[in-house]
Amino acid sequence: MTFPNYISTLRARRGGNLSAFIKLSLISSLLLCLTVLLPPLAFIIAIGWGALLIRGSLTLSQRQIGLIYLLNFSLLYGLAGAGTLLFYAAFFGLPALLMSLLLNRHQGYYSIQRWGVAAAVLGVSLFLGLLYWNNGQIGMEQMESPINNYVQESLKAYEDSGFIGFYESQGLSRAELEKSFKAMTRSIVRHLPALYYVQAIMEVFFMLLLASFLSRKSPDERLKRKAYTEEMMPWPLVWVLIVGLALWLWGRDEMGSLYYLGSNIMVVMTPIAVYYGLAVLLFEFKRILPSKRKLFATLLIILSLFFPLSAIIFLSLMGLFDSLLNFRKIALEREV
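Details of the overall build of the protein
Link 1 in the chain: Across its full length, the protein carries 15 helices and zero strands.
Link 2 in the chain: Taken over 336 residues, the protein has a buried fraction of 36%.
Link 3 in the chain: In the protein, the share of contacts with a sequence separation of at least 24, taken over all contacts with a separation of at least 6, comes to 75%.
Link 4 in the chain: Total accessible area on the protein stands at roughly 19800 Å², and carbon and sulfur atoms take up 68% of it.

Here it is in structure tokens:
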């Protein structure tokens, strides 16, 4: 194919728009460069990057979408190398590409969201599998070592500032405090896989949410979502959490692989259950008489501040049971 014919194909195939293609290529390339230049903001920038590409799929052809992703990740490889490319592709590149292609194939918001989350889980699993294959348990030790060094520096800073003396007056010795910090460090390291999964899943949720917001004035309704108070957790996720809880309880005595596998599953699933539980709570909040809403909201805020763990458990249970029993449907049927 000659170059003029290729450009003509880009312009015409499946309604693609050449000017939009060029503009999106430049903006997305700039955003991806910023993720490399500003690593602390990479998570936020990646959300904007993915949202723009998903939104652009409303008007671009599949070939144009593929070319933009190829351009972006070729640029990323040139700037940061294969390691960073693999990390970014696993955490948000693969989910964003799949969501863009599904949108281009006229899939709806929640179908795109489900497959995007599945792609994020797959991408992170492949990344962690490759990491373990290369490093094994040594990788965990390498991650734990700098955190332990930070703990030692923090303890010295506490000692210099007098905080150690305060803890000792409360009956907690320096050795006990150091032991507590090290236990917390080990727990964080062993739950890093869960934190990776949570990060990737959050990327999917926020990318799609922002893309929906950017297309709110578009006549195309492929990215139209329900009101938040109508969203419900897919029931298979309930069983994922139940399996995690069962593994956690089963391995609790030995505190071995089964225990940490179960706890990692629970760490991943808890924010998802809380998200949907909050939707149920807001639905019920809207049904309260306006005169009582302020009192109800005040009580919820106070309880959340003083008993955050209880609030998390409560919202998680609301999300889980609503997925199985559909509280909102029952409430609406009673009002009829």
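Once you've had a look at it, read on.
As for the environment of Phe296
Link 1 in the chain: One can find Phe296 in helix α13 (residues 290–306).
Link 2 in the chain: On a C-alpha basis, the gap between Phe296 and Phe285 in space is 8.0 Å, while along the polypeptide they are 11 residues apart.

Thoughts on the packing of helix α3 (residues 42–56) against helix α10 (residues 192–214)
Link 1 in the chain: Viewed as axis vectors pointing N to C, α3 and α10 meet at an angle of 50°, and their least axial separation amounts to 8 Å. Here α10 runs oblique to α3, going by the angle between their axes. In terms of crossing hand, the pair formed by α3 and α10 is right-handed. Residue-level contacts link Phe43, Ala46, Ile47, Gly48, Trp49, Gly50, Ala51, Leu52, Ile54 and Arg55 of α3 to Gln199, Met202, Glu203, Phe206, Met207, Leu208, Leu210, Ala211 and Leu214 of α10.

A short note on the packing of aromatic side chains
Link 1 in the chain: Within this structure, the stated rule accounts for 17 aromatic pairs.
Link 2 in the chain: An angle of 45° between the planes, with centres 5.1 Å apart, marks the rings of Tyr88 and Phe92 as tilted. Residue Tyr88 and its partner Phe92 are both found in helix α5 (residues 82–104); the two are separated by four residues, about one turn of the helix.
Link 3 in the chain: For Tyr88, a relative accessible area of 9% puts it in the buried group.
Link 4 in the chain: Relative to Phe296, the ring of Phe285 has its centre 5.9 Å away and its plane inclined at 25°; by these criteria the two rings are stacked.

Things to note about the pattern of salt bridges
Link 1 in the chain: The tally for this structure, following the rule as stated, stands at three salt bridges.
Link 2 in the chain: Among the ionic pairs, Arg222 bridges to Asp220, the shortest N-O distance being 2.6 Å.
Link 3 in the chain: On the basis of relative accessibility, which here comes to 11%, the residue Arg222 falls in the buried class.
Link 4 in the chain: Given a relative accessible area of 26%, Asp220 falls into the partly exposed group.
Link 5 in the chain: For Arg287, the salt bridge identified is with Glu284, shortest N-O distance 2.8 Å. Linking Arg287 with Glu284, this pair stays in helix α12 (residues 257–287), spanning three residues, or about one helical turn.

Things to note about the confidence of the model for the protein
Atom-level detail of predicted coordinates should not be read off regions where pLDDT is low.
Link 1 in the chain: Per-residue pLDDT for the protein has a mean of 83; in total, 81% of the residues score no lower than 70.
Link 2 in the chain: Scored below 50 in pLDDT, residues 9–16 makes 21 contacts in the model with residues more than four places away or belonging to other chains.

Observations regarding the nonpolar core
Link 1 in the chain: Trp49, Ile54, Phe91, Phe92 and Leu223 are the most contacted members of the largest nonpolar core, which has 55 residues in total.
Link 2 in the chain: Looking at this core, the elements with two or more residues in it are α2 (18–37), α3, α4 (62–80), α5, α6 (109–135), α10, α11 (236–250) and α12.
Link 3 in the chain: With 11 residues, α10 is the single largest residue contributor to this core.
Link 4 in the chain: Not counting chain neighbours up to four residues away, the residues in contact with Phe92 comprise Leu32, Ala46, Trp49, Glu203 and Met207.
Link 5 in the chain: Val274, Val280, Leu315 and Met318 belong to the second largest nonpolar core, which has five residues in total.

What about unusual backbone geometry?
Link 1 in the chain: Backbone geometry at His106 places phi at a positive 65°, although glycine is not the residue there.
Link 2 in the chain: Mapping His106 onto the fold places it in the loop between α5 and α6.

Some remarks on the environment of Arg293
Link 1 in the chain: Along the chain, Arg293 falls in helix α13.
Link 2 in the chain: Note on Arg293: relative accessible area 28%, which makes it partly exposed.
Link 3 in the chain: At 2.7 Å, the side chain of Arg293 forms a polar contact with the backbone oxygen of Lys286.

What to know about a nonpolar patch on the surface
Link 1 in the chain: On the surface, Trp235, Trp239, Ile242, Leu309, Ile313, Leu317, Phe321, Leu324, Leu325 and Ile330 cluster together to form a nonpolar patch covering roughly 1000 Å² of accessible area.
Link 2 in the chain: Going through the elements one at a time, α11 and α14 (308–325) are the ones with two or more residues in the nonpolar patch.
Link 3 in the chain: In terms of residue count, the dominant contributor to the nonpolar patch is α14 (six residues).
Link 4 in the chain: Looking at the element boundaries, Ile313 is found in helix α14.

What about the side chain of Gln113?
Link 1 in the chain: Among the secondary structure elements, Gln113 is positioned in helix α6.
Link 2 in the chain: Those residues within four positions of Gln113 in sequence are excluded, and the remaining contacts are Val204, Phe205, Leu208 and Tyr276.

Thresholds, definitions, all that
Residues numbered from 1 in each chain as written. Predicted model: local features only at pLDDT ≥ 70, side-chain atom pairs only at ≥ 80, totals over all residues. Heavy atoms only, no water. Helix = DSSP H or I, 4+ residues; strand = E, 2+ residues; numbered from the N terminus. Buried < 20%, exposed > 50% of the residue type's maximum accessible area, 1.4 Å probe, protein only. Contact = heavy atoms within 4.5 Å. Areas by Shrake-Rupley, 256 points an atom, 1.4 Å probe, with all protein chains shown as cover. Axes fitted to C-alpha atoms, helices over the stretch in contact; angles between N-to-C directions. Parallel < 35°, antiparallel > 145°, perpendicular 65-115°, else oblique. Left-handed = near helix turned anticlockwise from the far one by under 90°. Phe/Tyr/Trp six-rings, centres within 6.5 Å; stacked < 30°, edge-to-face > 60°. Salt bridge = Lys/Arg side-chain N within 4 Å of Asp/Glu carboxyl O. pLDDT = per-residue confidence, 0-100. Core = buried A, V, L, I, M, F, W, Y, C linked by side-chain atoms within 4.5 Å. Polar contact = N/O pair within 3.5 Å; in protein donor to acceptor, adjacent residues only side chain to side chain. Patch = residues over 30% accessible without salt bridge, like charges linked within 9 Å, V, L, I, M, F, W, Y side chains within 5 Å.

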